[in-house]
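Analysis of the macromolecular model
Listed here are the chains, written in short residue letters.
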Amino acid sequence: DTLPFPSESYLDVRDVRQEQKEPKCGKIRYLDIQYTARLFFLPTLAVTLWLGWHGVLIAMVLYAILVAEMRANIMGVLTISAILPPQFPFFGVGNEMIQKIRSWIAAETRKYFGLKVTIEDYDALNAINNRDGPGKTAIFACEPHDILGYPVFLFNPSLNILPGRIGETVSILMTGAIFKLPIMKHIFTWLGGYSVDKKIFRDRLARNEACAFVPGGVQEVTLIDSKKPEEIVLYLKDRKGFVKLALERGVPIVPVFFFHMDGSYGYFVPKGRLVTKFGKSKLQDYNDVSTNAITRDSVVYRSPPSSHDFLSFIIARKIGFLPLFFYGRWKIPFGIPYPKKIHVVIGQPINVPCEGSDVCNESVDKYHKKFVNSLVELFENHKVSEGYGNRSLKIM
(Lines give C-alpha, C1' and ligand atoms only; values in the text may rest on other atoms or scores of the structure.)
Protein backbone atom coordinates (compact mmCIF):
# COMPACT_ATOMS: atom_id res chain seq x y z
CA ASP A 1 0.00 0.00 0.00
CA THR A 2 1.93 3.01 -1.25
CA LEU A 3 1.25 6.70 -0.98
CA PRO A 4 0.69 8.71 -4.18
CA PHE A 5 3.64 10.72 -5.47
CA PRO A 6 3.33 14.49 -5.74
CA SER A 7 2.69 15.80 -9.23
CA GLU A 8 5.69 15.22 -11.49
CA SER A 9 5.09 18.29 -13.62
CA TYR A 10 8.07 20.59 -12.95
CA LEU A 11 9.43 17.91 -10.62
CA ASP A 12 12.45 15.67 -11.04
CA VAL A 13 11.63 12.35 -9.33
CA ARG A 14 15.30 11.95 -8.40
CA ASP A 15 14.88 14.94 -6.08
CA VAL A 16 12.15 13.30 -4.02
CA ARG A 17 12.37 10.97 -1.05
CA GLN A 18 9.10 9.57 0.23
CA GLU A 19 8.79 7.58 3.43
CA GLN A 20 6.13 5.90 5.53
CA LYS A 21 6.63 5.73 9.26
CA GLU A 22 4.67 4.28 12.17
CA PRO A 23 5.41 6.15 15.41
CA LYS A 24 5.38 4.22 18.66
CA CYS A 25 2.04 5.63 19.76
CA GLY A 26 -0.65 4.72 17.23
CA LYS A 27 -0.49 4.31 13.48
CA ILE A 28 -0.14 7.46 11.46
CA ARG A 29 0.46 7.45 7.73
CA TYR A 30 3.47 9.69 7.56
CA LEU A 31 4.63 11.36 4.35
CA ASP A 32 8.05 12.94 3.87
CA ILE A 33 8.86 14.83 0.67
CA GLN A 34 12.45 16.04 0.27
CA TYR A 35 13.66 18.26 -2.57
CA THR A 36 17.35 18.66 -3.33
CA ALA A 37 18.61 22.20 -2.79
CA ARG A 38 19.90 23.89 -5.93
CA LEU A 39 21.27 27.43 -5.99
CA PHE A 40 21.76 27.79 -9.71
CA PHE A 41 20.62 30.76 -11.76
CA LEU A 42 16.99 29.75 -12.38
CA PRO A 43 16.01 29.08 -8.73
CA THR A 44 17.60 32.39 -7.71
CA LEU A 45 15.82 34.21 -10.55
CA ALA A 46 12.47 32.70 -9.54
CA VAL A 47 12.83 33.78 -5.91
CA THR A 48 13.91 37.25 -7.06
CA LEU A 49 10.84 37.60 -9.28
CA TRP A 50 8.69 36.66 -6.29
CA LEU A 51 10.36 38.25 -3.23
CA GLY A 52 12.71 40.81 -4.72
CA TRP A 53 10.12 43.50 -5.39
CA HIS A 54 10.32 45.06 -1.94
CA GLY A 55 13.76 46.39 -2.80
CA VAL A 56 12.80 47.35 -6.36
CA LEU A 57 9.84 49.41 -5.19
CA ILE A 58 11.89 51.23 -2.53
CA ALA A 59 14.70 51.85 -5.04
CA MET A 60 12.22 53.34 -7.51
CA VAL A 61 10.85 55.74 -4.91
CA LEU A 62 14.34 56.81 -3.80
CA TYR A 63 15.48 57.23 -7.39
CA ALA A 64 12.45 59.41 -8.12
CA ILE A 65 13.26 61.58 -5.12
CA LEU A 66 16.97 61.96 -5.90
CA VAL A 67 16.97 62.10 -9.73
CA ALA A 68 14.71 64.82 -11.03
CA GLU A 69 14.98 63.71 -14.68
CA MET A 70 13.35 60.35 -13.94
CA ARG A 71 10.83 61.56 -11.37
CA ALA A 72 7.89 62.02 -13.73
CA ASN A 73 8.42 58.65 -15.46
CA ILE A 74 8.75 56.68 -12.24
CA MET A 75 5.83 58.37 -10.52
CA GLY A 76 3.77 57.81 -13.66
CA VAL A 77 4.48 54.07 -13.61
CA LEU A 78 3.69 53.81 -9.90
CA THR A 79 0.48 55.83 -10.26
CA ILE A 80 -0.78 53.73 -13.19
CA SER A 81 0.03 50.54 -11.29
CA ALA A 82 -1.82 51.83 -8.22
CA ILE A 83 -4.92 52.56 -10.31
CA LEU A 84 -5.01 49.32 -12.31
CA PRO A 85 -6.75 46.27 -10.78
CA PRO A 86 -4.39 43.71 -9.18
CA GLN A 87 -5.15 41.07 -11.85
CA PHE A 88 -3.98 43.28 -14.72
CA PRO A 89 -3.19 42.14 -17.38
CA PHE A 90 -3.95 38.50 -16.53
CA PHE A 91 -7.70 38.52 -15.97
CA GLY A 92 -9.32 35.18 -15.20
CA VAL A 93 -8.13 32.49 -12.82
CA GLY A 94 -7.59 30.02 -15.63
CA ASN A 95 -5.27 32.23 -17.68
CA GLU A 96 -2.80 29.80 -19.19
CA MET A 97 0.21 32.12 -19.19
CA ILE A 98 -0.04 33.15 -15.54
CA GLN A 99 -0.62 29.54 -14.53
CA LYS A 100 2.63 28.56 -16.23
CA ILE A 101 4.54 31.44 -14.62
CA ARG A 102 3.10 30.60 -11.20
CA SER A 103 3.98 26.91 -11.56
CA TRP A 104 7.51 27.64 -12.74
CA ILE A 105 8.24 30.06 -9.87
CA ALA A 106 6.89 27.59 -7.28
CA ALA A 107 8.90 24.70 -8.73
CA GLU A 108 12.16 26.66 -8.83
CA THR A 109 11.56 28.17 -5.40
CA ARG A 110 11.31 24.75 -3.76
CA LYS A 111 14.76 24.00 -5.23
CA TYR A 112 16.19 27.24 -3.85
CA PHE A 113 15.10 26.34 -0.32
CA GLY A 114 15.69 22.59 -0.58
CA LEU A 115 12.14 22.27 0.68
CA LYS A 116 11.22 19.34 2.89
CA VAL A 117 7.56 18.71 3.73
CA THR A 118 6.35 16.30 6.39
CA ILE A 119 2.65 15.44 6.50
CA GLU A 120 1.96 13.69 9.79
CA ASP A 121 -1.43 12.26 8.82
CA TYR A 122 -1.93 12.11 5.07
CA ASP A 123 -5.04 9.95 5.38
CA ALA A 124 -6.76 12.43 7.69
CA LEU A 125 -6.13 15.27 5.23
CA ASN A 126 -7.37 13.21 2.33
CA ALA A 127 -10.51 12.22 4.27
CA ILE A 128 -11.58 15.88 4.41
CA ASN A 129 -12.07 15.76 0.63
CA ASN A 130 -14.73 13.08 1.05
CA ARG A 131 -16.91 14.95 3.52
CA ASP A 132 -20.46 15.94 2.72
CA GLY A 133 -21.78 19.48 2.98
CA PRO A 134 -19.87 22.37 4.59
CA GLY A 135 -16.49 21.68 6.12
CA LYS A 136 -15.20 19.93 3.01
CA THR A 137 -12.02 21.97 3.13
CA ALA A 138 -9.40 23.12 5.67
CA ILE A 139 -7.68 26.15 7.22
CA PHE A 140 -3.89 25.76 7.36
CA ALA A 141 -2.65 27.99 10.20
CA CYS A 142 1.14 28.31 9.91
CA GLU A 143 3.82 29.56 12.28
CA PRO A 144 6.17 31.32 12.76
CA HIS A 145 6.03 34.40 10.55
CA ASP A 146 9.52 35.87 11.00
CA ILE A 147 10.32 38.78 8.62
CA LEU A 148 8.35 37.29 5.73
CA GLY A 149 6.22 34.16 5.99
CA TYR A 150 7.50 32.91 2.63
CA PRO A 151 7.31 29.11 3.27
CA VAL A 152 3.57 29.33 2.55
CA PHE A 153 4.58 28.99 -1.12
CA LEU A 154 4.49 25.21 -0.61
CA PHE A 155 0.69 25.47 -0.69
CA ASN A 156 0.84 26.53 -4.33
CA PRO A 157 -1.55 24.10 -6.09
CA SER A 158 0.97 23.49 -8.89
CA LEU A 159 3.24 21.62 -6.46
CA ASN A 160 0.34 19.29 -5.67
CA ILE A 161 1.67 18.44 -2.22
CA LEU A 162 -1.74 18.35 -0.55
CA PRO A 163 -4.24 15.66 -1.54
CA GLY A 164 -7.34 16.06 -3.71
CA ARG A 165 -9.55 19.12 -3.76
CA ILE A 166 -7.75 20.69 -0.80
CA GLY A 167 -4.51 20.83 -2.77
CA GLU A 168 -6.23 22.03 -5.93
CA THR A 169 -8.12 24.94 -4.37
CA VAL A 170 -5.89 26.17 -1.55
CA SER A 171 -5.27 29.93 -1.49
CA ILE A 172 -2.51 31.81 0.29
CA LEU A 173 -3.81 34.72 2.38
CA MET A 174 -1.52 37.55 3.49
CA THR A 175 -1.61 41.08 4.85
CA GLY A 176 -3.86 43.37 2.86
CA ALA A 177 -1.19 46.09 2.91
CA ILE A 178 0.63 44.29 0.08
CA PHE A 179 -2.38 44.71 -2.20
CA LYS A 180 -2.34 48.47 -1.72
CA LEU A 181 1.23 48.86 -2.96
CA PRO A 182 1.87 49.49 -6.68
CA ILE A 183 3.59 46.70 -8.63
CA MET A 184 3.67 44.37 -5.62
CA LYS A 185 -0.10 43.99 -5.64
CA HIS A 186 0.12 42.65 -9.21
CA ILE A 187 2.99 40.26 -8.47
CA PHE A 188 1.37 38.66 -5.44
CA THR A 189 -2.02 38.44 -7.15
CA TRP A 190 -0.48 36.74 -10.20
CA LEU A 191 1.16 34.23 -7.87
CA GLY A 192 -2.13 33.33 -6.19
CA GLY A 193 -2.11 35.56 -3.11
CA TYR A 194 -5.18 37.16 -1.53
CA SER A 195 -5.76 39.64 1.27
CA VAL A 196 -6.41 37.98 4.62
CA ASP A 197 -9.56 39.94 5.33
CA LYS A 198 -12.68 38.38 6.81
CA LYS A 199 -14.82 38.66 3.66
CA ILE A 200 -12.33 36.88 1.40
CA PHE A 201 -11.74 34.24 4.09
CA ARG A 202 -15.50 33.58 4.41
CA ASP A 203 -16.10 33.55 0.66
CA ARG A 204 -13.41 30.97 0.01
CA LEU A 205 -14.54 28.70 2.83
CA ALA A 206 -18.13 29.00 1.57
CA ARG A 207 -16.91 27.62 -1.78
CA ASN A 208 -15.13 24.78 0.06
CA GLU A 209 -11.74 26.17 -0.90
CA ALA A 210 -8.84 25.76 1.51
CA CYS A 211 -6.91 28.71 2.97
CA ALA A 212 -3.33 28.93 4.24
CA PHE A 213 -2.05 31.88 6.27
CA VAL A 214 0.18 32.90 9.19
CA PRO A 215 -2.03 34.07 12.09
CA GLY A 216 0.82 35.56 14.14
CA GLY A 217 1.77 38.03 11.44
CA VAL A 218 4.68 40.42 11.41
CA GLN A 219 3.87 41.51 14.97
CA GLU A 220 5.94 38.50 16.04
CA VAL A 221 9.07 40.29 14.84
CA THR A 222 8.43 43.22 17.18
CA LEU A 223 8.23 40.80 20.11
CA ILE A 224 11.52 39.00 19.46
CA ASP A 225 14.10 39.53 22.19
CA SER A 226 17.56 39.60 20.59
CA LYS A 227 19.06 38.72 23.97
CA LYS A 228 17.15 35.42 23.97
CA PRO A 229 17.85 33.83 20.56
CA GLU A 230 16.71 30.45 21.86
CA GLU A 231 13.11 31.71 22.06
CA ILE A 232 10.72 31.47 19.11
CA VAL A 233 7.95 34.03 19.53
CA LEU A 234 4.42 33.14 18.38
CA TYR A 235 1.84 35.90 18.68
CA LEU A 236 -1.29 33.77 19.07
CA LYS A 237 -3.10 34.57 22.32
CA ASP A 238 -5.33 37.18 20.69
CA ARG A 239 -5.46 35.59 17.22
CA LYS A 240 -8.85 33.88 17.37
CA GLY A 241 -10.71 35.21 14.34
CA PHE A 242 -9.82 32.25 12.12
CA VAL A 243 -11.13 29.86 14.79
CA LYS A 244 -14.50 31.60 14.71
CA LEU A 245 -14.58 31.35 10.90
CA ALA A 246 -13.79 27.64 11.15
CA LEU A 247 -16.64 27.12 13.64
CA GLU A 248 -19.11 28.92 11.37
CA ARG A 249 -18.78 26.14 8.79
CA GLY A 250 -17.23 23.26 10.70
CA VAL A 251 -13.94 23.57 8.80
CA PRO A 252 -10.97 21.63 10.25
CA ILE A 253 -7.94 23.65 11.38
CA VAL A 254 -4.55 22.21 10.45
CA PRO A 255 -1.49 23.36 12.46
CA VAL A 256 1.67 23.89 10.39
CA PHE A 257 5.17 24.68 11.67
CA PHE A 258 8.04 26.17 9.67
CA PHE A 259 11.52 25.06 10.78
CA HIS A 260 14.77 26.93 9.95
CA MET A 261 13.19 30.25 8.98
CA ASP A 262 15.19 32.30 11.47
CA GLY A 263 18.29 33.71 9.85
CA SER A 264 16.62 34.10 6.47
CA TYR A 265 17.09 37.83 6.82
CA GLY A 266 19.16 40.22 8.84
CA TYR A 267 17.01 43.05 10.16
CA PHE A 268 16.65 46.09 12.36
CA VAL A 269 13.31 46.80 14.05
CA PRO A 270 12.68 50.43 15.08
CA LYS A 271 12.03 50.57 18.82
CA GLY A 272 11.03 54.06 19.79
CA ARG A 273 11.17 55.02 23.47
CA LEU A 274 8.62 57.79 23.01
CA VAL A 275 5.36 55.85 23.35
CA THR A 276 2.08 57.67 22.93
CA LYS A 277 -0.53 57.79 25.67
CA PHE A 278 -2.59 55.42 23.55
CA GLY A 279 0.30 52.98 23.36
CA LYS A 280 0.85 53.08 27.11
CA SER A 281 -2.80 52.38 27.84
CA LYS A 282 -2.80 49.50 25.39
CA LEU A 283 0.33 48.11 26.96
CA GLN A 284 -1.36 48.18 30.36
CA ASP A 285 -4.38 46.34 28.90
CA TYR A 286 -2.00 43.81 27.40
CA ASN A 287 -0.32 43.22 30.76
CA ASP A 288 -3.65 42.80 32.55
CA VAL A 289 -4.91 39.89 30.41
CA SER A 290 -4.83 36.60 32.32
CA THR A 291 -3.00 33.63 30.81
CA ASN A 292 -3.16 29.86 30.88
CA ALA A 293 -0.11 27.63 31.09
CA ILE A 294 0.69 24.73 28.80
CA THR A 295 2.12 21.62 30.41
CA ARG A 296 5.36 21.82 28.47
CA ASP A 297 8.58 22.96 30.08
CA SER A 298 9.83 24.49 26.85
CA VAL A 299 6.82 26.74 26.39
CA VAL A 300 6.57 30.17 28.00
CA TYR A 301 3.17 31.84 28.03
CA ARG A 302 2.98 35.57 27.49
CA SER A 303 5.70 37.90 28.49
CA PRO A 304 4.50 41.35 27.41
CA PRO A 305 6.66 43.58 25.22
CA SER A 306 8.63 46.31 26.89
CA SER A 307 7.19 49.81 26.66
CA HIS A 308 9.80 50.97 24.13
CA ASP A 309 8.93 48.04 21.85
CA PHE A 310 5.21 48.53 22.04
CA LEU A 311 4.94 51.47 19.66
CA SER A 312 6.38 49.30 16.86
CA PHE A 313 3.90 46.58 17.85
CA ILE A 314 0.93 48.98 17.61
CA ILE A 315 2.11 50.37 14.24
CA ALA A 316 2.49 46.89 12.78
CA ARG A 317 -0.97 45.90 13.93
CA LYS A 318 -2.66 49.05 12.62
CA ILE A 319 -1.13 49.26 9.13
CA GLY A 320 -0.62 45.55 8.42
CA PHE A 321 3.16 45.60 8.09
CA LEU A 322 6.15 46.68 10.12
CA PRO A 323 8.33 49.59 8.98
CA LEU A 324 11.74 48.00 9.42
CA PHE A 325 15.04 47.60 7.64
CA PHE A 326 16.02 44.12 6.52
CA TYR A 327 18.57 42.62 4.16
CA GLY A 328 18.97 39.22 2.60
CA ARG A 329 21.31 37.31 0.33
CA TRP A 330 24.48 39.16 -0.67
CA LYS A 331 23.54 41.75 2.02
CA ILE A 332 21.19 43.45 -0.44
CA PRO A 333 18.71 45.72 1.39
CA PHE A 334 15.14 44.42 1.10
CA GLY A 335 16.44 41.63 -1.11
CA ILE A 336 15.69 37.92 -1.32
CA PRO A 337 16.18 35.65 1.72
CA TYR A 338 19.25 33.54 2.33
CA PRO A 339 18.78 30.02 0.92
CA LYS A 340 17.79 28.29 4.14
CA LYS A 341 16.79 24.63 3.97
CA ILE A 342 13.18 24.91 5.03
CA HIS A 343 11.33 22.02 6.66
CA VAL A 344 7.55 22.39 6.86
CA VAL A 345 5.64 20.03 9.15
CA ILE A 346 1.89 19.70 8.58
CA GLY A 347 0.09 18.34 11.63
CA GLN A 348 -3.12 16.42 12.10
CA PRO A 349 -6.39 18.26 11.35
CA ILE A 350 -8.35 19.54 14.34
CA ASN A 351 -12.01 18.79 13.70
CA VAL A 352 -14.43 21.50 14.85
CA PRO A 353 -18.24 21.47 14.99
CA CYS A 354 -20.40 23.59 12.71
CA GLU A 355 -22.12 26.29 14.79
CA GLY A 356 -23.32 28.47 11.92
CA SER A 357 -23.74 32.19 12.58
CA ASP A 358 -24.23 31.66 16.33
CA VAL A 359 -20.68 30.88 17.39
CA CYS A 360 -20.17 31.17 21.14
CA ASN A 361 -17.02 32.55 22.75
CA GLU A 362 -16.56 29.38 24.80
CA SER A 363 -16.20 27.34 21.61
CA VAL A 364 -13.74 29.84 20.14
CA ASP A 365 -11.59 29.68 23.27
CA LYS A 366 -11.80 25.88 23.43
CA TYR A 367 -10.68 25.23 19.85
CA HIS A 368 -8.15 28.04 19.86
CA LYS A 369 -6.53 26.36 22.86
CA LYS A 370 -6.60 23.03 20.99
CA PHE A 371 -4.87 24.66 18.05
CA VAL A 372 -2.13 26.21 20.18
CA ASN A 373 -1.59 22.93 22.05
CA SER A 374 -1.38 21.02 18.75
CA LEU A 375 1.11 23.51 17.34
CA VAL A 376 3.25 23.20 20.45
CA GLU A 377 3.11 19.41 20.23
CA LEU A 378 4.12 19.58 16.58
CA PHE A 379 7.15 21.65 17.53
CA GLU A 380 8.06 19.35 20.42
CA ASN A 381 7.84 16.20 18.29
CA HIS A 382 10.29 17.50 15.67
CA LYS A 383 12.54 20.00 17.42
CA VAL A 384 15.31 17.59 18.39
CA SER A 385 15.64 16.08 14.91
CA GLU A 386 15.71 19.60 13.46
CA GLY A 387 18.48 20.79 15.78
CA TYR A 388 16.13 22.86 17.94
CA GLY A 389 16.87 20.95 21.15
CA ASN A 390 17.72 24.12 23.06
CA ARG A 391 14.91 26.20 21.55
CA SER A 392 11.58 27.03 23.19
CA LEU A 393 8.31 28.58 22.09
CA LYS A 394 7.10 31.81 23.61
CA ILE A 395 3.35 32.16 23.16
CA MET A 396 2.21 35.76 23.41
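Relevant structure appears above.
Attention here is on the structure that accompanies the text. No experiment lies behind these values; they were computed from the predicted model shown.

**Comments concerning the pairing of strand β12 (residues 343-346)**
Side chains of β12 alternate between two faces, with His 343 and Val 345 and Val 344 and Ile 346 buried alike. Here strand β2 (residues 116-119) runs beside β12; their pairing, made up of four bridges, is parallel. Counterpart to Ile 119 in the pairing with β12 is Ile 346. Relative to β12, strand β8 (residues 253-259) runs antiparallel, the two being bridged by four bridges. Looking across to β12, one finds that Phe 257 is bridged to Val 345.

**Brief notes about unusual backbone geometry**
In this model, Glu 143 is joined to Pro 144 through a cis peptide bond whose omega is -5 degrees. Among the structural elements, Pro 144 can be located in the loop between β3 (139-143) and α6 (164-169). Residues other than glycine seldom take positive phi values, yet Ile 183 does so here, at roughly 70 degrees. When its relative accessible area of 15% is taken as the criterion, Ile 183 is described as buried. Of note in this structure, His 260 is not a glycine but carries a positive phi near 75 degrees. Here His 260 is to be found in the loop between β8 and β9 (266-268).

**A word on helix α10 (residues 241-249)**
For an α-helix, 3.6 residues make a turn, and residues three or four places apart therefore share a direction. Taken together, the buried positions of α10 are Phe 242, Val 243, Leu 245, Ala 246, Leu 247 and Glu 248. Turning to α10, the residues buried within the fold contact β3, α8 (198-206), β6 (211-213), β8 and α13 (361-382).

**Some words on the packing of α10 against α13**
Packed helices, taken two at a time, are described by the angle their axes make and the gap between the axes. Here α10 crosses α13 at 110 degrees, and the two axes come no closer than 9 Å. For the element pair α10 / α13, the angle class is roughly perpendicular. The two elements α10 and α13 meet at a crossing, and its hand is right-handed. Contacts from Phe 242, Val 243, Lys 244 and Leu 247 of α10 reach α13 at Ser 363, Val 364, Tyr 367, His 368 and Phe 371.

**Brief notes about helix α4 (residues 96-112)**
With 17 residues, α4 should cover 24 Å at 1.5 Å per step; its first-to-last C-alpha distance of 25 Å lies within 8% of that length. Looking only at α4, the buried set comprises Ile 98, Arg 102, Ser 103, Ile 105, Ala 106, Ala 107, Glu 108, Thr 109, Arg 110, Lys 111 and Tyr 112. For α4, the elements touching its buried residues are α1 (41-51) and α7 (184-190).

**Digging into the pairing of strand β4 (residues 171-174)**
Burial along β4 is two-sided: the residues Ser 171 and Leu 173 and Ile 172 and Met 174 are all buried. The pairing of β4 with β6 spans two bridges and is classified as parallel. Its bridge partner being in β6, Ile 172 is matched across the sheet by Ala 212. Pairing analysis gives three bridges linking β4 to strand β5 (residues 193-195), with the strands arranged parallel. Note on β5: the bridge partner recorded for Ile 172 is Gly 193.

**Considerations on the pattern of salt bridges**
Across all of its chains, the model carries ten salt bridges by this definition. Of the charged contacts, one joins Glu 248 and Arg 202 as a salt bridge, the two residues approaching to 2.7 Å between their closest N and O atoms. One end of the pair, Glu 248, is in helix α10; the other, Arg 202, is in helix α8, and 46 residues separate them in sequence. Among the residues examined, Glu 248 registers a relative accessible area of 16% and is labelled buried. On the basis of relative accessible area, Arg 202 is assigned to the partly exposed category, the value being 34%. One network of salt bridges, in which partners are shared, links Arg 204, Arg 207 and Glu 209.

**Quick look at the packing of aromatic side chains**
This model, assessed by the stated rule, comprises 17 aromatic pairs. On the numbers, 5.9 Å between centres and 65 degrees between planes, the contact of Trp 50 with Phe 153 is edge-to-face. Residue Trp 50 is found in helix α1, and its partner Phe 153 is found in the loop between β3 and α6; the two are separated by 103 residues along the sequence. Each member of the pair, Trp 50 together with Phe 153, is buried. Centre to centre, the rings of Phe 325 and Tyr 327 are 6.3 Å apart; their planes meet at 45 degrees, and the pair counts as tilted. Ring pairs connect the aromatic residues Trp 50, Tyr 112, Phe 113, Tyr 150 and Phe 153, which therefore count as one cluster. The lysine or arginine in question, Arg 204, covers the ring of Tyr 194, its NZ or CZ lying 4.3 Å from the ring centre. If you follow Arg 391 out to its NZ or CZ, it ends over the ring of Tyr 388, 5.0 Å from the centre.

The rules we used
- Residues numbered from 1 in each chain as written.
- Predicted model: local features only at pLDDT ≥ 70, side-chain atom pairs only at ≥ 80, totals over all residues.
- Heavy atoms only, no water.
- Buried < 20%, exposed > 50% of the residue type's maximum accessible area, 1.4 Å probe, protein only.
- Helix = DSSP H or I, 4+ residues; strand = E, 2+ residues; numbered from the N terminus.
- Pairing = 2+ DSSP bridges.
- Contact = heavy atoms within 4.5 Å.
- Axes fitted to C-alpha atoms, helices over the stretch in contact; angles between N-to-C directions.
- Parallel < 35°, antiparallel > 145°, perpendicular 65-115°, else oblique.
- Left-handed = near helix turned anticlockwise from the far one by under 90°.
- Expected span 1.5 Å × (residues − 1).
- Salt bridge = Lys/Arg side-chain N within 4 Å of Asp/Glu carboxyl O.
- Phe/Tyr/Trp six-rings, centres within 6.5 Å; stacked < 30°, edge-to-face > 60°.
- Lys NZ or Arg CZ within 6 Å of the ring centre and 35° of its normal.

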